[in-house]
Amino acid sequence: MRDGLRPNGPNVVSFGETGFPKGHPALDHIESDWQTLRAGRLVPCRSEVDPRGLAAALKYAFVLEHAGTEGPIFRIAGTHILDRFGPDIRGKQFPDLFAQGDQQAAMEAMTAVFNEPSIVRMRLAGADGIAGSPSIAELVCLPLRDEAGGITRAIGGFACAQAGPIAPFSLTIAKQERQGLTGYARLPSLKAATPPART
């Protein structure tokens, strides 16, 4: 999967390169909770995620599973997401939410989440499923380890300003930001060597 990741395109920036607008409060909550669970490690574990800690943001949250060569699939989705994509989103591949021209970019973003690993934030545009009017949304995706230690899960959040359903295969990526996590984990503190006893 890593081999398929292209260099950052014009709508992909690294953290710190530009001022990415402050996100939706629920998405900030999900990311803050993830950072707390991470506690200086590279990535927290899926088993550490407690829905009670996400109560205020739970309806915006989702969990992805990436278990093969296909795109990661939705295992859990909050009511805000179900109201916009329908209950069939469970089991659907993440790139399937996007317009055909942006599915490869969406897959590359997930490659970064699971393989590097990275935090990914997106600003999205779409179409209202009823009137076809523009719909603006944002998304964050954060990697998690499974019980075996592999990075095969991710928790994220999706928030859309449009109240109605979103038309299938209509999302496009207006802006994307990635933060590679390698090098950001704290190393264990080293104890000073005990000097040899004098004889």
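Residues numbered from 1 in each chain as written. Predicted model: local features only at pLDDT ≥ 70, side-chain atom pairs only at ≥ 80, totals over all residues. Heavy atoms only, no water.

Another aspect to go through is the nonpolar core. In terms of nonpolar packing, the biggest core is built from 47 residues, with Leu-64, Phe-98, Leu-124, Ile-155 and Phe-158 touching the most fellow members. Broken down by secondary-structure element, the contributors of at least two residues to this core are helix H1 (25-38), strand E2 (61-65), strand E3 (73-77), helix H2 (79-85), helix H3 (103-115), strand E4 (118-127), strand E5 (134-144) and strand E6 (153-160). Broken down by element, this core gets its largest block of residues, six residues, from E5. (Core = buried A, V, L, I, M, F, W, Y, C linked by side-chain atoms within 4.5 Å. Buried < 20%, exposed > 50% of the residue type's maximum accessible area, 1.4 Å probe, protein only. Helix = DSSP H or I, 4+ residues; strand = E, 2+ residues; numbered from the N terminus.)

A separate point is unusual backbone geometry. With glycine set apart, most residues show a phi of negative sign, and most peptide bonds adopt trans. The linkage connecting Glu-116 with the following residue, Pro-117, adopts the cis geometry, with an omega of -15°. Located in the positive-phi region is Ala-39, a residue other than glycine, with phi close to 50°. On the secondary structure map, Ala-39 appears in the loop between H1 and E2. Given a relative accessible area of 45%, Ala-39 falls into the partly exposed group.

Summed over all chains, the structure comprises seven salt bridges. For Asp-50, the salt bridge goes to Arg-52, with nearest N and O atoms at 2.8 Å. For Glu-65, the salt bridge identified is with Arg-75, shortest N-O distance 2.5 Å. With Glu-65 in strand E2 and Arg-75 in strand E3, this residue pair connects regions lying ten residues apart in the sequence. By relative accessible area, Glu-65 is classed as buried at 16%. Residues participating in the shared-partner salt-bridge network are Glu-31, Arg-121 and Glu-177. (Salt bridge = Lys/Arg side-chain N within 4 Å of Asp/Glu carboxyl O.)

Just distances and angles here, no functional claims.
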